[in-house]
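A structural walkthrough
Each chain is listed here by its residues.
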Amino acid sequence: DIDEIESVEDPLTCVRKFVHAATNKCVMYVLEIGDCLGSTVFSPIKADVTGNITKIKNVYETNPTKFKTLQLILEGEKEQYGTEWPNVGATLALMWLKRGLKFIQVMLQSIADGERDESNPNFIRVNATKAYELTLKKYHSWFVQRLFTVAVYAAPSKSDFMKALSKGREVKEEECVEKIRQFLVNFTVTIDAIYEMYTKMNAELDYKV
Ligand code: 0SG
């Protein structure tokens, strides 16, 4: 339930908080919306994102003290893997996870900002397309970009999306948008901090899949 979403104050201090609060609560929720709207296009996306999360969790759980923060995980793996790094381990999983999270952030922000297709105001295709272009497109081959074009047609209508975010309750669009705005405050800070860490540590790769 979007009412229950809490974000993290200091995103780099605790991976447990991040993985549990930011990803499990919100992202799993957004991904389940895809599921409950009965669209099979969402299952590979969900599998990919949950795979990333499991990988990060597993590394964290091997040594919760050593890997107390995401930064400590990246530093530890850098030392452990040498030249293979950053194309390895939780560093690679978080590299991809942050792109999926950023996609969700940009899409929600665009909805909250009222960006819409005036001839189809109840569609979220423009919002999803904008998010895709700004976050994932440059990491995708021509083929995967085509898949996105198909996936975006399976996106729910804005009213169904908002209803799903509100656990089936009929809410006013304005009320839901206000909740999205509140959620975005800490979510955006968290994602920006992770992006900044990848830049500072020179851990970003730009190959296409
Ligand atoms: C509402 C509209 C919905 C549109 C959704 C847009 C999505 C685009 C459609 C394309 C579907 C592709 C799904 C999967 C793509 C993956 O191939 C890529 C790359 O995956 C990484 O590859 C793995 O994530 C890594 O996993 S790891 O944990 O083991 O490290 C690793 O395997 C890596 C390997 O690369 S290698 O070095 O071997 O070449 N993944 C993505 O592009 C992320 C997609 C996330 C989309 C999130 C969208 C949320 C949608 C919510 C909508 C309400």
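Residues numbered from 1 in each chain as written. Predicted model: local features only at pLDDT ≥ 70, side-chain atom pairs only at ≥ 80, totals over all residues. Heavy atoms only, no water.

Quick word on unusual backbone geometry
- Between tryptophan 85 and the following residue, proline 86, the backbone shows a cis peptide bond with an omega angle of 10°.
- By the secondary structure assignment, proline 86 is in the loop between α3 (70-81) and α4 (89-112).
- Phi is positive for asparagine 202, close to 55°, though the residue is something other than glycine. (Helix = DSSP H or I, 4+ residues; strand = E, 2+ residues; numbered from the N terminus.)

Quick notes on the packing of aromatic side chains
- Tallying each qualifying case throughout the model produces four aromatic pairs.
- Considering the side-chain rings of tryptophan 96 and tyrosine 207, the 6.0 Å spacing of their centres and the 65° angle between planes classify their relative orientation as edge-to-face. Of this pair, tryptophan 96 sits in helix α4 while tyrosine 207 sits in the segment after α8 (173-200), placing them 111 residues apart in sequence.
- Joined through ring pairs, the aromatic side chains of Trp96, Tyr139 and Tyr207 make up one cluster.
- Stacked on the ring of tyrosine 198, the Lys or Arg lysine 98 has its end atom at 4.8 Å from the ring centre. (Phe/Tyr/Trp six-rings, centres within 6.5 Å; stacked < 30°, edge-to-face > 60°. Lys NZ or Arg CZ within 6 Å of the ring centre and 35° of its normal.)

Some thoughts on the environment of valine 106
- Relative to the helices and strands, valine 106 is located in helix α4.
- Look at valine 106 and you get buried, because its relative accessible area is 12%.
- Those residues in contact with valine 106 that sit more than four places away from it in its chain are Ala131, Leu134 and Thr135. (Buried < 20%, exposed > 50% of the residue type's maximum accessible area, 1.4 Å probe, protein only. Contact = heavy atoms within 4.5 Å.)

Remarks on the nonpolar core
- With 49 residues, the main nonpolar core has Ile56, Leu74, Leu94, Phe103, Ile180, Met197 and Tyr198 as its most contacted residues.
- Of all the secondary structure elements, the ones that give two or more residues to this core are α2 (42-62), α3, α4, α5 (125-135), α6 (142-153), α7 (158-165) and α8.
- By residue number, the principal contributor to this core is α4, which donates 15 residues. (Core = buried A, V, L, I, M, F, W, Y, C linked by side-chain atoms within 4.5 Å.)

Describing the site of the ligand
- Neighbouring residues of the ligand: 22 residues in total, closest Asp48, Asn52, Lys55, His140 and Tyr207.
- Relative to its free-state accessible area of 1,100 Å², the ligand is covered by the protein chains to the extent of 81%.
- Elements supplying a minimum of two residues to the shell around the ligand: α2, α4 and α6.
- Looking at which element gives the most residues to the shell around the ligand, the answer is α4, with seven residues. (Near = heavy atom within 4 Å. Areas by Shrake-Rupley, 256 points an atom, 1.4 Å probe, with all protein chains shown as cover.)

Side note on the environment of glutamate 204
- Looking at the secondary structure, you find glutamate 204 in the segment after α8.
- Between the alpha carbons of glutamate 204 and glycine 114 there is a distance of 32 Å; along the sequence they are 90 residues apart.
- Every residue in contact with glutamate 204, bar those within four places of it in the chain, is listed here: Met95, Lys98, Arg99, Tyr139 and Tyr198.
- Among the polar contacts listed, one links the side chain of glutamate 204 to the side chain of lysine 98, at a separation of 2.6 Å. (Polar contact = N/O pair within 3.5 Å; in protein donor to acceptor, adjacent residues only side chain to side chain.)

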